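One-letter residues, chain by chain:
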Amino acid sequence: MPEVRIVNVSKKFGNIIALDNINLTIRDQEYFSLLGPSGCGKTTLLRLVAGLIEPDSGEIYIGDRLVNDVPPEDRDIGFVFQTFALFPHMTAWDNVTYGPKVKGFDMAEATTIGHEVLEMVKLHERLDAYPSELSGGMMQRVAVARALAAGAKLLLLDEALGQLDAKVRNEIRYEIRKMAKDLNLTGIHVTHDQSEAMAISDRIAVMRKGKILQVGTPQELYMKPESIFVAHFIGESNFLEGYVAGGSKSKVVVEIREGLKIQASNGAVEEGKQAVLSVRPETLTLERGSKKIQNGIQGTVERITFEGPNMRYEVRLENDSLIVVVKSTMAGNWFNIGEAVTVVFPVEHTRVFPYPENRSLKEEISVG
Ligand SMILES: Nc1ncnc2c1ncn2[C@@H]1O[C@H](COP(=O)(O)OP(=O)(O)OP(=O)(O)O)[C@@H](O)[C@H]1O
Ligand SMILES: [Mg+2]
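Residues numbered from 1 in each chain as written. Chains lettered and ligands numbered in written order. Predicted model: local features only at pLDDT ≥ 70, side-chain atom pairs only at ≥ 80, totals over all residues. Heavy atoms only, no water.

Okay, the domain arrangement of the protein chain next. Accessible area lost upon the coming together of the parts serves often as the stated size of an interface. For the protein chain, the domain assignment lists domain 1 (4–228) and domain 2 (238–365). A C-alpha centroid distance of 39 Å is found between domain 1 and domain 2. Tallying the contact residues gives 10 residues for domain 1 and 14 residues for domain 2. It is R208, Y222 and I228 that lose the most area in domain 1 upon contact with domain 2, and together they represent 64% of the buried surface on that side. Applying the counting criterion to the domain 1 and domain 2 interface returns 1 salt bridge. For E364, the salt bridge identified is with R208, shortest N-O distance 3.3 Å. (Domains from an automatic or database assignment. Contact = heavy atoms within 4.5 Å. Buried area = accessible area lost by both parts, 1.4 Å probe. Salt bridge = Lys/Arg side-chain N within 4 Å of Asp/Glu carboxyl O.)

Below you can see the structure in the form of structure tokens.
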């Protein structure tokens, strides 16, 4: 139920800066994901919220309570790990009622709670099964039920679906979200899988190297990435290098080769500075033939992949860069390999970023 507030939190392990001054508020009853490549600090942040480790500096609030000195068992949280942390020698029922019993509820109360939560996760008919007799998805549901029975108001899931096969994973992720919503819980879901985060989150924090790069709804992150890394990590983007050749803040003109100019919509990049344009493949328009049009760059179709719903065209542009254009198959008007085309950049979906400092574009988007 509670809001979670992380204020100026840093954590080092020896020389490794696992978290670098994190500030983040997760709203009451929000289903929130921490998303980022391996080693970016997701688990560390979750463990700090759980109280399993202490921050070097900063404060963590759950609801109105500063919990820095509150032990994990008194934080009203449920922690679901990637590896199923069920007691293997206990049945689903005993796993679930363990929490209430330890908390001092009597047998009748523990039984009522046990029935309630097993009903919620729809595992009532399997209450006598041992973990080894349950599927991965069922085990995760028992783990959630156990957390709920122990009084969790805040559900923390660390790659909780990582071990499940793709199909089960897809189903369970919606179920867990729905459960959290139905029970008015706050959920923090750690994953490095962007499609999973996009599918189930109210909001997402994209992390990299101990920092939060951007927080937003899946749509905000997709439509308005604020960095090259987010544009690359969420969905698919084309990148083009160039120099800022004027324009205004809302319409920056970037020259990708002498005489080849593209207008982009965002960005505070100084004139004359090296810049990177990013644009989603499905926002580009393909025109037949070589045309001189505003924001159009001429090129040749080099490769076509039929993906069912979409046609995916790889077009070699005049400046020699390769760009991906995705068009709905049903829209018809298909193009052929070797055909001369003009790729038109939509100003409102073309974003411009300063060229990375001290490294190449390729290094910037390499994951990690
Ligand atoms: N107990 C520890 N001792 C030493 N270093 C640690 C410890 N825990 C985490 N780290 C380091 O801190 C950094 C962040 O680790 P963390 O486990 O939070 O990453 P993550 O985002 O969860 O990655 P993954 O997706 O691989 O699980 C990594 O460089 C990791 O090696
Ligand atoms: Mg982790």
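What follows picks up the thread again.
The tally for this structure, following the rule as stated, stands at 17 salt bridges. With a shortest N-O distance of 3.2 Å, R177 and D202 are connected by a salt bridge. Residue R177 is found in helix 5 (residues 166–182), and its partner D202 is found in the loop between helix 6 (194–200) and strand 9 (203–208); the two are separated by 25 residues along the sequence. Residue classification places R177 among the partly exposed residues on the basis of a relative accessible area of 22%. What makes D202 partly exposed here is its relative accessible area of 23%. The closest approach of N and O atoms between E302 and R316, which form a salt bridge, is 3.0 Å. One end of the pair, E302, is in strand 16 (residues 296–306); the other, R316, is in strand 17 (residues 310–317), and 14 residues separate them in sequence. (Helix = DSSP H or I, 4+ residues; strand = E, 2+ residues; numbered from the N terminus. Buried < 20%, exposed > 50% of the residue type's maximum accessible area, 1.4 Å probe, protein only.)

Read from one edge to the other, the open sheet built from 6 strands follows the order 6-7-8-3-9-10, with strand pairing classed as mixed. The open sheet has two free edges, formed respectively by strand 6 (77–80) and strand 10 (211–216), since each of these has just one partner strand. Neighbour to neighbour, the strand axes of the sheet diverge by 15° on average, direction disregarded. Relative to strand 10, strand 9 runs antiparallel, the two being bridged by 5 bridges. Across the sheet, the residue bridging to V206 is Q214, located in strand 10. Along the sheet face, helix 1 (residues 42–50) touches strand 3 (31–35), strand 6, strand 7 (154–158), strand 8 (186–191) and strand 9 and points at about 150° away from the line of strand 7. Along the sheet face, helix 4 (residues 136–149) touches strand 6 and strand 7 and points at about 165° away from the line of strand 6. (Pairing = 2+ DSSP bridges. Axes fitted to C-alpha atoms, helices over the stretch in contact; angles between N-to-C directions.)

In this section: the side chain of T350. Looking at the secondary structure, you find T350 in strand 20 (residues 350–354). When sequence neighbours within four positions are dropped, the list of residues in contact with T350 reads I262, Q263, A264, S265, N266, L277, S278, V279 and F345.

Turning to the environment of T283, a few remarks are in order. Residue position: T283 is located in the loop between strand 14 (274–279) and strand 15 (285–288). In this structure, the C-alpha to C-alpha distance between T283 and P346, residues 63 residues apart in sequence, is 6.8 Å. Excluding residues that lie within four positions of it along the chain, T283 makes contacts with P346 and H349. Here the side chain of T283 touches R280 through a polar contact of 2.7 Å, landing on its backbone oxygen. (Polar contact = N/O pair within 3.5 Å; in protein donor to acceptor, adjacent residues only side chain to side chain.)

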